[in-house]
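In case you want the letters, here they are:
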Amino acid sequence: MSTPQTPNDYRVTDQVGHLLRRAYQRHTAIFQSVVPANKLSAAQFVVLCAVRDHAGATIGDIVQATAMDEPAVRGIVERLKWTDLVSVAHEPGDKRHATVTLTALGQTTVDETLPHAQHISELTFGDLSADERQQLTALLRRISGTA
């Protein structure tokens, strides 16, 4: 257990939230340097993978799988639909209930991006050893409640 901090000892740059945000910003920057933004954003790739993993996914399924908020997911799905990466089918009489599926182009895009995504993870881990990578992943799962 850590020693409680006094107000004078508190440094925002040492706090877990700040460090997680910095790590995420670094990871996103790596993604953008490897996969051009005009091709696909990191959020779009995550949504495409969620749709791939959940056949006939609803917006709620995608929200749950990605941990993104619903308005963000709806916006991303709309952009992916415009670029013909996903198709959206609405239930008759209920415009709010929709199922999302990958188009052939969407599946090809996921398949072509996966090797880059694996490389991006390697770059994000940097020089961490195999044990450190496992520890970090396990700790992040615990912190996020997905362990």
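The model shown is predicted, which means the values in this text are computed figures rather than measured ones. (Residues numbered from 1 in each chain as written. Predicted model: local features only at pLDDT ≥ 70, side-chain atom pairs only at ≥ 80, totals over all residues. Heavy atoms only, no water.)

A surface patch of nonpolar side chains, about 420 Å² in accessible area, is lined by Val-16, Leu-20, Leu-136, Leu-140 and Ile-143. For the nonpolar patch, the elements supplying multiple residues, two or more each, are α1 (16-34) and α6 (130-144). Sort the elements by how many residues they give to the nonpolar patch and α6 lands first, with three residues. In this structure, Val-16 sits in helix α1. (Patch = residues over 30% accessible without salt bridge, like charges linked within 9 Å, V, L, I, M, F, W, Y side chains within 5 Å. Areas by Shrake-Rupley, 256 points an atom, 1.4 Å probe, with all protein chains shown as cover. Salt bridge = Lys/Arg side-chain N within 4 Å of Asp/Glu carboxyl O. Helix = DSSP H or I, 4+ residues; strand = E, 2+ residues; numbered from the N terminus.)

Residues other than glycine seldom take positive phi values, yet Ala-67 does so here, at roughly 60°. Mapped onto the elements, Ala-67 comes out in the loop between α3 (59-66) and α4 (70-82). One non-glycine residue, Asp-84, lies in positive phi territory at about 60°. As for its placement among the helices and strands, Asp-84 is situated in the loop between α4 and β2 (86-91).

Moving on, we get to the pattern of salt bridges. The full count for this structure, using the stated rule, is five salt bridges. A salt bridge links Glu-112 to Lys-39, with the nearest nitrogen and oxygen atoms 3.9 Å apart. In this pair, Glu-112 sits in helix α5 (residues 104-125) while Lys-39 sits in the loop between α1 and α2 (42-53), placing the two residues 73 residues apart along the sequence. Classification of Glu-112 as partly exposed rests on a relative accessible area of 45%. We classify Lys-39 as partly exposed; its relative accessible area is 44%. For Glu-122, the salt bridge identified is with Arg-133, shortest N-O distance 2.7 Å. Placement of Glu-122 in helix α5 and of Arg-133 in helix α6 is noted, with a sequence separation of 11 residues between them. (Buried < 20%, exposed > 50% of the residue type's maximum accessible area, 1.4 Å probe, protein only.)

Here the focus is the sheet that holds strand β3 (residues 94-102). Pairing is antiparallel in the open sheet, where three strands are placed in the order β1-β3-β2. Of all strands in the sheet, those bounded by a partner on one side alone are β1 (57-58) and β2. Relative to β3, β2 runs antiparallel, the two sharing six bridges. Looking at the pairing, Ala-89 lines up with Thr-99 of β3. (Pairing = 2+ DSSP bridges.)

Taken by themselves, the reported measurements are silent on function.
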